[in-house]
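One letter stands for each residue in the lines below.
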Amino acid sequence: MISQYIQKLFVGEKPIFQDVKLSIKENKMPEISVSPETGKLLYLLVKMTKPKHVLEIGALGGYSGIWLASALDEQGTLTSLEINEKFAEIAYQNLEKAGLKKKVNYKIGPALDLLQEFKQNGKRFDFFFIDADKENYQNYVDACIEVANDGAVITADNVLWKGEVVDTNRSEKAKIIHEFNQYCAHHPKLESLIVPIGDGLTVAVVK
Ligand code: SAH
Ligand code: MG
């Protein structure tokens, strides 16, 4: 498998990532963290673009959060939005274990409400990772653009929906994702592409 080849050669997850996956299993949380290659790609994108403030939508157990936060500069911060209080707690514990607790700030609640608060408070971000409820992906992109600094990067996970987006007879979820992909492709404020790694990662820059 191509993905195993890439993982073996280029990802080499540190033990902390296995610990996070174990904590997700033990706490009976959904096992839907990003793939290791997606994690590594997010890490590289953060290293390349050197964002000061990163916003993650959908924390789960902190797996993607560790990839993102560990790529930050000294002054960089990660804000992570999570609707489930218990998940946010576990994610925080995992980031703490990874030595990253000083960089991260978890906010609990529906992400759209929290994004609205950021807008009102003049809070701005340079890098976004969208990975929560798929039904709101279009809303998230627009809310992210509203709190984005010039040239910010927006990424989104699961945009190939296990390849189902190309089926002619799409499932409900695949339809939602397909519409999101069309939305991004034609968005006047974005230049974007899907990178077919893991479950598909949108990479976009705000015009
Ligand atoms: N990014 C994580 C996986 C996130 S899974 C990783 O790869 O490690 C999706 C997460 O989004 C779940 O933890 C879920 O509780 C959260 N979520 C779902 N709907 C949400 C909403 N409206 N606002 C904030 N978080 C939400
Ligand atoms: Mg995902």
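Here the structure is shown first, and the text comes after it.
Source: prediction; values computed, not measured.

### Side note on the site of ligand 1
Then, in step 1: In the neighbourhood of ligand 1, 20 residues make up the surrounding shell, with Val34, Gly58, Ser64, Glu82 and Asp131 lying closest.
Then, in step 2: Here an oxygen atom of ligand 1 and a backbone polar atom of Leu60 are 3.4 Å apart.
Then, in step 3: Residue Ser64 places a side-chain N or O atom 2.9 Å away from a nitrogen atom belonging to ligand 1.
Then, in step 4: Surface burial for ligand 1 is 89%, taken as the share of its 580 Å² of free accessible area covered by protein chains.

### Quick look at the coordination of the magnesium ion (ligand 2)
Then, in step 1: For the magnesium ion (ligand 2), every protein donor is listed as Asp131 (OD), Asp157 (OD) and Asn158 (OD1), and the spread of their distances is 2.1 to 2.2 Å.
Then, in step 2: Site description for the magnesium ion (ligand 2): donor spacing in sequence, D-x25-D-N. On the criterion of sequence distance, the pair formed by Asp131 in the loop between strand E4 (125-130) and helix H7 (137-146) and Asp157 in strand E5 (residues 148-157) is long-range, its members being 26 residues apart.
Then, in step 3: Classification of Asp131 as buried rests on a relative accessible area of 15%.

### What about the packing of H7 against helix H8 (residues 172-185)?
Then, in step 1: The interhelical angle for the contact between H7 and H8, taken along N-to-C directions, is 30°, at an axis separation of 9 Å. In this view, H7 runs roughly parallel relative to H8, as classed from their interaxial angle. For the pair H7 and H8, the contacting residues are Tyr137, Gln138, Val141 and Asp142 in the first and Ile177, Glu179, Phe180, Tyr183 and Cys184 in the second.
Then, in step 2: Residue composition of the contact of H7 with H8, by class: 6 nonpolar, 1 polar and 2 charged.

### Some thoughts on unusual backbone geometry
Then, in step 1: The phi torsion at Lys50 lies on the positive side, around 45°, for a residue other than glycine.
Then, in step 2: Here Lys50 shows up in the loop between helix H3 (36-49) and strand E1 (53-57).
Then, in step 3: Phi angles above zero are rare outside glycine, and Trp161 is one such case at about 45°.
Then, in step 4: Mapped onto the elements of the fold, Trp161 is located in the loop between E5 and H8.

### Section: the pairing of strand E3 (residues 104-108)
Then, in step 1: The sheet contact formed by strand E2 (residues 77-82) and E3 spans 5 bridges and is parallel. Paired with Leu78 across the bridge in E3 is Val104.
Then, in step 2: Viewed along the sheet, the connection from E2 through helix H5 (residues 85-97) into E3 turns out right-handed.

### Describing the pairing of strand E7 (residues 201-206)
Then, in step 1: Where E5 meets E7, 5 bridges bridge the pair, whose relative direction is antiparallel. The partner of Ile154 across the bridge, within E7, is Ala204.
Then, in step 2: The sheet contact formed by strand E6 (residues 190-195) and E7 spans 6 bridges and is antiparallel. Bridge assignment links Ser192 to a residue of E7, and that residue is Ala204.
Then, in step 3: Hairpin connection of E6 to E7: 5 residues between the antiparallel strands, including Gly198 at a positive phi of 60°.

Each value, and the rule that gives it
- Residues numbered from 1 in each chain as written.
- Chains lettered and ligands numbered in written order.
- Predicted model: local features only at pLDDT ≥ 70, side-chain atom pairs only at ≥ 80, totals over all residues.
- Heavy atoms only, no water.
- Near = heavy atom within 4 Å.
- Polar contact = N/O pair within 3.5 Å; in protein donor to acceptor, adjacent residues only side chain to side chain.
- Areas by Shrake-Rupley, 256 points an atom, 1.4 Å probe, with all protein chains shown as cover.
- Donors = N, O, S within 2.8 Å, 3.2 Å for Na, K, Ca; no water.
- Helix = DSSP H or I, 4+ residues; strand = E, 2+ residues; numbered from the N terminus.
- Buried < 20%, exposed > 50% of the residue type's maximum accessible area, 1.4 Å probe, protein only.
- Axes fitted to C-alpha atoms, helices over the stretch in contact; angles between N-to-C directions.
- Parallel < 35°, antiparallel > 145°, perpendicular 65-115°, else oblique.
- Contact = heavy atoms within 4.5 Å.
- Nonpolar A, V, L, I, M, F, W, Y, C, P; charged D, E, K, R; others polar.
- Pairing = 2+ DSSP bridges.
- Right-handed = clockwise from strand over helix to strand, strands pointing away.

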